[in-house]
Amino acid sequence: MTVAAIAFVAVVLGLVAVLRPGVGGDLLAQARTAEPVPDASDTPAASGTPDAPAAQPGGSGENEAPPAPALQVEEAAPTDLGLEDSGHTVLVTWTDNTEPAANHQVIGGPAGQTPGNLADAEPGSGQARVSGLEPDQEYCFVVAVLSVEEIAPSEQVCTDRSATV
């Protein structure tokens, strides 16, 4: 008999909630708009000092400076860039000024568009072949020596395919 009584009360309360949403709805609205109650560990007193700033999520709580940008090193920048344009392929050549020789990246793409890494070159090679190009599109290239701490970009060089038409 008690199970039936509990079931009856649950059904009646459910019907009241459905038929008269204002009865409990105000509490739900209040809960949604109320300020969250701070956890005891979030209060300054929990940290041992009354005026201690809250720790930043994901950090150690200390002021961390962003990493320094890479230093641009002009002496190591590739020079004397040249292009041998074959339509679908461009051979980019340069003088390697790194000592000891370092890896180089050819960065570029269609003129006026966002550049990307097009080719990597072995240390000391002084050239890289970029293929898969559209023969009727102009392309621009920069050769760069990149490391975690330094960057040495060349001057930009672009194809001039309108002159070969």
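Structure shown above.
The structure displayed is predicted, hence computed values, not measured ones. (Residues numbered from 1 in each chain as written. Predicted model: local features only at pLDDT ≥ 70, side-chain atom pairs only at ≥ 80, totals over all residues. Heavy atoms only, no water.)

A closer look at the pairing of strand 3 (residues 89-95)
Okay, so step 1: Of all seven residues in strand 3, five are buried; the element is thus mostly enclosed.
Okay, so step 2: The antiparallel pairing of strand 2 (residues 79-85) with strand 3 creates a hairpin that spans three residues between the two strands, and G87 there sits at a positive phi of about 95 degrees.
Okay, so step 3: Pairing of strand 3 with strand 6 (residues 127-131) involves five bridges; the strand directions are antiparallel. Across the sheet, residue L91 finds its bridge partner in strand 6, namely R129. (Buried < 20%, exposed > 50% of the residue type's maximum accessible area, 1.4 Å probe, protein only. Helix = DSSP H or I, 4+ residues; strand = E, 2+ residues; numbered from the N terminus. Pairing = 2+ DSSP bridges.)

Comments concerning the side chain of S154
Okay, so step 1: Relative to the elements of secondary structure, S154 occurs in the loop between strand 8 (150-153) and strand 9 (157-158).
Okay, so step 2: Each residue touching S154, except ones within four places of it in the same chain, is listed here: P78, L81, V142 and V143. (Contact = heavy atoms within 4.5 Å.)

What about unusual backbone geometry?
Okay, so step 1: A cis amide bond, omega 0 degrees, links E99 with the succeeding residue P100.
Okay, so step 2: In this fold, P100 is placed in the loop between strand 3 and strand 4 (104-110).

Description of the pairing of strand 2
Okay, so step 1: The sheet contact formed by strand 2 and strand 3 spans five bridges and is antiparallel. Directly across from G82, in strand 3, lies its bridge partner T93.

Keep in mind these values describe shape, not function.
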